[in-house]
Amino acid sequence: MAFELPALPYADDALEPHYSANTFSYHHKKHHNTYVVNLNNLIKDTEFEGKTLVEIILASAGKNPGVFNNSAQVWNHTFFWNSMSPNGGGAPTGAIADKIAADFGSYDNFVTEFKNAGATQFGSGWAWLVLGTDGKLKVTKTPNAETPLTAGEKPIITCDVWEHAYYLDYQNLRPKFLEVFLEKLVNWEFANEMLAGKEFSGDK
Amino acid sequence: MRNNIKLFSTSILAIATVFLIPVCANAQQNNAPKAIDAPMSAFTLAPLPYAYDALEPAIDTQTMTIHHDKHHQAYVDNLNKAIAANPALGGQSLDQLIVKAGTLPPAVRNNAGGHWNHTFFWDSMAPVAKSGTPSPALNAAIISSFGSMDNFKAEFKKAGLGRFGSGWVWLIVGADGKLAITSTPNQDNPLMDIAEVKGTPLLGNDMWEHAYYLKYQNKRGDYIDAWWQVVNWDAVSKRYASVTKK
Ligand SMILES: [Fe+2]
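Predicted, not measured: the structure shown is a model, and the values here were computed from it.

Chemist: Help me understand the overall build of chain B, please; the structure alone is not making it clear to me.
Modeler: Secondary structure assignment for chain B yields nine helices and three strands. Per-residue burial over chain B gives 50% buried out of 246 residues. Contacts spanning at least 24 positions in sequence make up 67% of the contacts within chain B whose residues lie at least 6 apart. As presented, chain B carries roughly 11,300 Å² of accessible surface, and 56% of it is formed by carbon and sulfur atoms.

Pasting the structure below:
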């Protein structure tokens, strides 16, 4: 069965003015949708057809760049939409707050590391908060479509730093976008669910 | 033959990038005492070779302004910072840095590439009225390598669309003296030792989203189509003549 474009978890203007409906009209309706369409075309009548999105990502990594890039970008974007919320931003609460304090020393340290990761990902890519294989939270960055899933890490939060993610709203000011993402948008409720071990299929 | 071509490439670069050499800010004036620790500054950003609105409507004024004044400026500034952090690399020309990109710290490689590529890019374009046409020699080479000008443009577009993420698409003269199309990731280019396909660039188009997003958004193909209107064929033809005349 073919994949479908997952709906945004909020209205397309729900994150205004920090993340515009205009940006979503391209980022979700065009970029994300193109990855879905390309993926369906690429896996039709192949060994990937019928697998889950995560299975396709893991099976194609390092072997089939077309399938990997499109499947990972479908998952990454769905994860990014969920990493933001109209009620988001600011310091976390709940288990993620304690774990960030324990593993980074302080929330401020995390903020510094996350902004730095996003700002220094040269070219297109992603900044991540993940639960590492050692059970500790850490900040990582990945180029293009690459995802921490292939390293066995559990993504907790991501911010898209492809230029298409922020260019209409922030132009060249990627650090400003990262700042607004953390102060106004980041969805700690979702982060707590991920930290608790909830699966994320990325296809809905 | 191979050696000859290498020589051409070097001399072309010397000509093409004569303005891309770091200038010493504290150049000795008269008999002023020498400042021992004054650093060599620095690569500088040249103005655009035309007005910001000169490439309308193919490339809009706002895009040209941000692309040159912000993005290109940032590559220049960050290159200078990266060189300051790696003093052993000081005093070298951009061309010297580019050809040994594989041995450079990422900050030097990326920003040196960004500076070289954008300078080359601005010089590869001209207002529609001054964009000229390919010289007979270049035209013949394009037809010989790609069958027709339309095929060349189609293959160039395909390579540009196929560059996943950020990067560049190029028309180059390869080591065999023939024209070829290639693409490079991020701010790499075909002169770099680490390039998968090496050669002397004749023409390059910026496939970073910042090059076209304000006007074309996700439609990279439309940007490539429109961009042909502002390709400076006189400049490209001159580059080709420099490669082939020796
Ligand atoms: Fe650029």
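Let us keep going from here.
Chemist: For this particular structure, what's the right way to read the pattern of salt bridges?
Modeler: Any two side chains of opposite charge can pair, given that their charged atoms come close. Residue and element names in this part refer to chain B. Evaluated as defined, the whole model comprises seven salt bridges over all chains. In this structure, Asp 188 and Arg 109 form a salt bridge, with 2.8 Å as the shortest nitrogen-oxygen distance. Here the residue Asp 188 occupies a position in the loop between strand 2 (179–185) and strand 3 (200–206), and Arg 109 occupies one in helix 4 (residues 106–123), the gap between them amounting to 79 residues. Residue Arg 109 is classed as partly exposed on the basis of its relative accessible area, which comes to 24%.

Chemist: Got a minute to help me understand the domain arrangement of chain A in this structure?
Modeler: Accessible area lost upon the coming together of the parts is a frequently used measure of interface size. All names here are of chain A. With domains assigned, chain A is organised as domain 1 (21–82) and domain 2 (95–195). Here domain 1 and domain 2 have C-alpha centroids that lie 20 Å from each other. Counting residues at the interface gives 19 residues for domain 1, matched by 24 residues for domain 2. Taken as a group, Thr 23, Phe 79 and Phe 80 account for 34% of the area that domain 1 buries against domain 2, more than any other trio of residues on that side. Where domain 1 meets domain 2, there are zero salt bridges. Connecting domain 1 to domain 2 are seven residue pairs in polar contact (both at pLDDT 80 or more). Of all the secondary structure elements, the ones that give two or more residues to the side of domain 1 that touches domain 2 are helix 1 (21–43), helix 2 (53–60) and helix 3 (65–82). Each residue belonging to the side of domain 1 that touches domain 2 can be placed in one class, and the counts come to ten nonpolar, nine polar and no charged.

Chemist: Could you clarify how one ought to interpret helix 2 of chain A in this entry?
Modeler: The periodicity of an α-helix, 3.6 residues per turn, causes residues three or four places apart in sequence to face the same way. Residues and elements named next belong to chain A. Leu 53, Ile 56, Ile 57 and Ser 60 are the residues of helix 2 that are buried. Along the long axis of helix 2, the arc covered by the buried residues comes to 100°, so they all point the same way. In the segment just after helix 2, Gly 62 is the residue with positive phi, at about 75°.

Chemist: What is the right way to read the layout of surface pockets from this model?
Modeler: Unfilled space is identified by rolling a water-sized probe across the atoms. In this model, the largest pocket occupies a volume close to 620 Å³. Lining the largest pocket are 24 residues, and of these A:Ala119, A:Phe122, B:Ala74, B:Tyr75 and B:Asn78 sit closest to its centre. Going through the elements one at a time, helix 5 (107–120), helix 6 (163–170) and helix 7 (174–185) of chain A together with helix 2 (61–85) and helix 4 of chain B are the ones with two or more residues in the lining of the largest pocket. Per-element tally for the lining of the largest pocket: the top contributor is helix 2 of chain B, with seven residues. Class assignment of the residues belonging to the lining of the largest pocket gives a composition of eleven nonpolar, nine polar and four charged. Taken as a whole, the second largest pocket spans an internal volume of roughly 530 Å³. Around the second largest pocket, the lining is made up of 21 residues, and of these A:Tyr35, A:Asn38, B:Leu161, B:Arg163 and B:Phe164 lie nearest the centre. Breaking the lining of the second largest pocket down by element, the ones donating at least two residues are helix 1 and helix 3 of chain A together with helix 6 (149–162) and helix 8 (220–227) of chain B.

So, how was this worked out
Residues numbered from 1 in each chain as written. Chains lettered and ligands numbered in written order. Predicted model: local features only at pLDDT ≥ 70, side-chain atom pairs only at ≥ 80, totals over all residues. Heavy atoms only, no water. Helix = DSSP H or I, 4+ residues; strand = E, 2+ residues; numbered from the N terminus. Buried < 20%, exposed > 50% of the residue type's maximum accessible area, 1.4 Å probe, protein only. Contact = heavy atoms within 4.5 Å. Areas by Shrake-Rupley, 256 points an atom, 1.4 Å probe, with all protein chains shown as cover. Salt bridge = Lys/Arg side-chain N within 4 Å of Asp/Glu carboxyl O. Domains from an automatic or database assignment. Buried area = accessible area lost by both parts, 1.4 Å probe. Polar contact = N/O pair within 3.5 Å; in protein donor to acceptor, adjacent residues only side chain to side chain. Nonpolar A, V, L, I, M, F, W, Y, C, P; charged D, E, K, R; others polar. Arc of directions from axis to C-beta. 1 Å grid on protein atoms, 1.4 Å probe; cavity = no way out; pocket = protein on both sides within 12 Å on 5 of 7 lines; lining within 4 Å. Points joined across faces, edges and corners; volume = space filled by probe spheres on them.

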